[in-house]
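Take a look at the letters that make up each chain.
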Amino acid sequence: MDTGNSESVDMKTFCKMLPKIELHAHLNGSLSDATILRLLQDKRSAGAVDLPDSAEVVIKRGHNRTLEDCFTVFGIIHCLTDNVSAIETITRDVIQDFVAENVRYLELRTTPKVIPEKMTKEQYIETVLNVMVEEMQRSDIIVRLLLSIDRARGVGDAWDTLKIAKKYKNTNKYKDLVCGLDVSGNPNAGNLCEYLPVLQEAKESGFKLAVHLAEIPNDSETLAILKSKLVDRIGHGSYIHPGSNGSHEMLQIVKQQSIPIEICISSNIMSGTVKNIADHHFKHWRNEGHPLIICTDDKGVFNTSLSEEFLMCAEAFKLSMSDLATLSLTAVESTFLAKEEKNLLHLSVQKELQDLKEKTGILL
Ligand code: 6MZ
């Protein structure tokens, strides 16, 4: 097999040019500095006082912090995105950021929120969906939505999220845009096993499930969730493989069910759940030949981009341009699209890779 390296294009440029698939991006965690500043300005114009002067003060992007601190940061961001107009702004900006990174397919995820007297959960989700529809008309990107269940909010809230997901799945206007549910939130809060009845019903209602699993060590919870056979994609999965303090039993189950893993390297390192890139579980799963998808998680909070995550992976694990192109193309299989849409996306990414090869002379 060729190394796929080319002298005409360096790896950084290649990572940017590569058509990419993003499957793990939390809406409120993905805000750029420019977007945060815009939200601050809007708040000031609306008469808010006591607001910090700059985005750096607000969220200190890209700083290493504990996982607990990350959740404090999300709380601060949520104070800025507490109305329909802000949700419109952030959805538009985040989608455009991904367009600028040559992301061709984006699965955004977000937790429906109610702000008394300002916004209902339905208004929140409808705003996100409307902007998705508009942005898909404007740009060369397909966007789908996962509604997030926050494990810190309790099972009642999760049932509510499922109800909203069902409502929008069944409307003609937004048909198929909500393609699944995500389970996320502070992994130190609650017990995922309590959410199994909701997840069971979600599956029976035709939703795919992406579940944050083993972001921190928790063998009993991880095993119980894996044994339920409900999980379509694993978020993080840092403590599943025996090479990264998991177990052979968990490894076998994930392999048997062939559950793709969403890899979020900057997030894991900056939030301190993985010590450094050399220790990252990516390498163990890659040695298994397991389906992996490189993702950003919270590109705003962790000051990264999908291109940078690809570059980081290439440098740390000695991946060639050809390896990265394969990762991009095989990610299509892990999307929550229907079979026919998946085939179309596969063809279009394949064609773009072919064009890239001809344009640059890179051996892909
Ligand atoms: C678990 C995370 C997360 O839903 O308000 N979220 N949950 N682990 C992580 N690793 C760092 N990063 C983000 O986006 C922000 C929400 O996404 C989840 C948290 O529930 C956070 O409040 P939305 O758009």
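As shown above, the structure is provided for reference.
Residues numbered from 1 in each chain as written. Predicted model: local features only at pLDDT ≥ 70, side-chain atom pairs only at ≥ 80, totals over all residues. Heavy atoms only, no water.

Asker: Residue-level account of helix H13 (residues 306-317), with values.
Answerer: Helix length check: H13, at 12 residues, gives a terminal C-alpha distance of 16 Å against a target of 16 Å (1.5 Å per residue), a fit within 8%. Those residues of H13 lying buried are Leu306, Ser307, Glu309, Phe310, Leu311, Cys313, Ala314 and Phe317. (Helix = DSSP H or I, 4+ residues; strand = E, 2+ residues; numbered from the N terminus. Expected span 1.5 Å × (residues − 1). Buried < 20%, exposed > 50% of the residue type's maximum accessible area, 1.4 Å probe, protein only.)

Asker: Account for the site of the ligand, naming residues and giving values.
Answerer: With respect to spatial proximity, 19 residues lie near the ligand, and among them His78, Thr110, Thr111, Lys113 and Asp298 are the closest. Contacts to the ligand include Glu215, whose side-chain N or O atom sits 2.8 Å from a nitrogen atom. Between a nitrogen atom of the ligand and a side-chain N or O atom of Asp297, the distance comes to 3.4 Å. Coverage of the ligand by the protein amounts to 98% of the 510 Å² it exposes when considered alone. Take the shell around the ligand: its biggest share by element is 3 residues, from helix H4 (residues 67-80). (Near = heavy atom within 4 Å. Polar contact = N/O pair within 3.5 Å; in protein donor to acceptor, adjacent residues only side chain to side chain. Areas by Shrake-Rupley, 256 points an atom, 1.4 Å probe, with all protein chains shown as cover.)

Asker: With reference to specific residues and values, describe the packing of aromatic side chains.
Answerer: Here the structure, examined in full by the defined rule, presents 3 aromatic pairs. Seen in terms of ring centroids, Phe71 and Phe74 are 5.5 Å apart; in terms of plane orientation they differ by 65°. Their pairing is edge-to-face. Linking Phe71 with Phe74, this pair stays in helix H4, spanning 3 residues, or about one helical turn. Under the relative-accessibility criterion, Phe74 is labelled buried at 13%. The ring of Phe207 has Lys169 sitting right over it, with the charged end atom 5.0 Å from the ring centre. (Phe/Tyr/Trp six-rings, centres within 6.5 Å; stacked < 30°, edge-to-face > 60°. Lys NZ or Arg CZ within 6 Å of the ring centre and 35° of its normal.)

Asker: Any chance you could break down the packing of helix H2 (residues 33-45) against helix H5 (residues 84-100) for me, citing the residues and the numbers?
Answerer: Here H2 crosses H5 at 165°, and the two axes come no closer than 10 Å. By the angle between their axes, H2 is roughly antiparallel relative to H5. Note on packing geometry: the crossing formed by H2 with H5 is right-handed. Across from Thr35, Arg38 and Leu39 in H2, the residues of H5 making contact are Ala86, Thr89, Ile90 and Asp93. Considering only residue class, the contact of H2 with H5 consists of 3 nonpolar, 2 polar and 2 charged. (Axes fitted to C-alpha atoms, helices over the stretch in contact; angles between N-to-C directions. Parallel < 35°, antiparallel > 145°, perpendicular 65-115°, else oblique. Left-handed = near helix turned anticlockwise from the far one by under 90°. Contact = heavy atoms within 4.5 Å. Nonpolar A, V, L, I, M, F, W, Y, C, P; charged D, E, K, R; others polar.)

Asker: Describe the nonpolar core, with residues and values.
Answerer: The nonpolar side chains of a soluble globular protein tend to be buried with one another. Grouped together as the largest cluster of nonpolar side chains are 106 residues, with contacts concentrated most on Phe14, Leu106, Leu129, Leu145, Ile234 and Leu324. Among the elements that make up this core, the one with the highest residue count is H5 (7 residues). The contacts of Leu106, once residues within four sequence positions are left out, are Glu22, Ala25, Ile95, Phe98, Ile141, Ile142, Val143 and Arg144. (Core = buried A, V, L, I, M, F, W, Y, C linked by side-chain atoms within 4.5 Å.)

Asker: Break down the pairing of strand E6 (residues 233-236) for me, citing the residues and quoting the values.
Answerer: Where strand E5 (residues 208-213) and E6 come together, 4 bridges link them in parallel fashion. In the strand pairing of E6, Val211 is matched with Ile234. In this region the chain leaves E5, passes through helix H9 (residues 219-227) and returns to the parallel neighbour E6; the handedness of that crossover is right-handed. Strand direction decides the pairing type here: E6 and strand E7 (residues 261-263), joined by 2 bridges, are parallel. Counted as the bridge partner of Gly235 is Glu262 from E7. (Pairing = 2+ DSSP bridges. Right-handed = clockwise from strand over helix to strand, strands pointing away.)

Asker: Could you give me a rundown of the sheet that holds E6, with the residues and numbers involved?
Answerer: Within a sheet, neighbouring strands are paired by backbone hydrogen bonds and run either parallel or antiparallel to one another. Taken together, the 8 strands give an open sheet; going across it, the order is E1-E2-E3-E4-E5-E6-E7-E8, and neighbouring strands pair in parallel fashion. Each edge of the open sheet is held by one strand with a lone partner, namely strand E1 (20-26) and strand E8 (292-294). Direction aside, the axes of adjacent strands within the sheet are offset by 25° on average. Strands E1, strand E2 (103-110) and strand E3 (142-150) of the sheet are contacted by H5, whose axis makes an angle of about 150° with E2. Contacts from helix H6 (residues 121-138) reach E2, E3 and strand E4 (178-184), with the element oriented near 160° to E3.

Asker: Any chance you could break down the environment of Tyr174 for me, citing the residues and the numbers?
Answerer: Structurally, Tyr174 can be placed in the loop between helix H7 (155-169) and E4. Under the relative-accessibility criterion, Tyr174 is labelled buried at 4%. Along the primary structure Tyr174 and Asn130 are separated by 44 residues, whereas in three dimensions their C-alpha atoms are 8.4 Å apart. Non-local contacts of Tyr174, meaning those with residues more than four positions away in its chain, are made with Glu126, Leu129, Asn130 and Tyr168.

Asker: How would you summarise the pattern of salt bridges if you had to cite specific residues and measurements?
Answerer: Taken as a whole, this structure holds 27 salt bridges when the rule is applied. Note that Glu341 and Arg144 form a salt bridge whose closest N and O atoms lie 2.9 Å from each other. Placement of Glu341 in helix H15 (residues 339-360) and of Arg144 in strand E3 is noted, with a sequence separation of 197 residues between them. Connected through shared salt-bridge partners, Glu88, Arg92, Glu134, Glu135 and Arg138 make up one network. (Salt bridge = Lys/Arg side-chain N within 4 Å of Asp/Glu carboxyl O.)

Asker: Describe the pairing of E3, and please don't skip the residues or the numbers.
Answerer: With 8 of 9 residues buried, E3 lies mostly within the body of the structure. Where E2 lies against E3, 6 bridges are found, and the strand directions are parallel. Bridging from a neighbouring strand, Leu108 pairs with Leu145 of E3. Alignment of E3 against E4, held across 6 bridges, turns out to be parallel. By the bridge assignment for E4, Leu147 is matched with Leu181.

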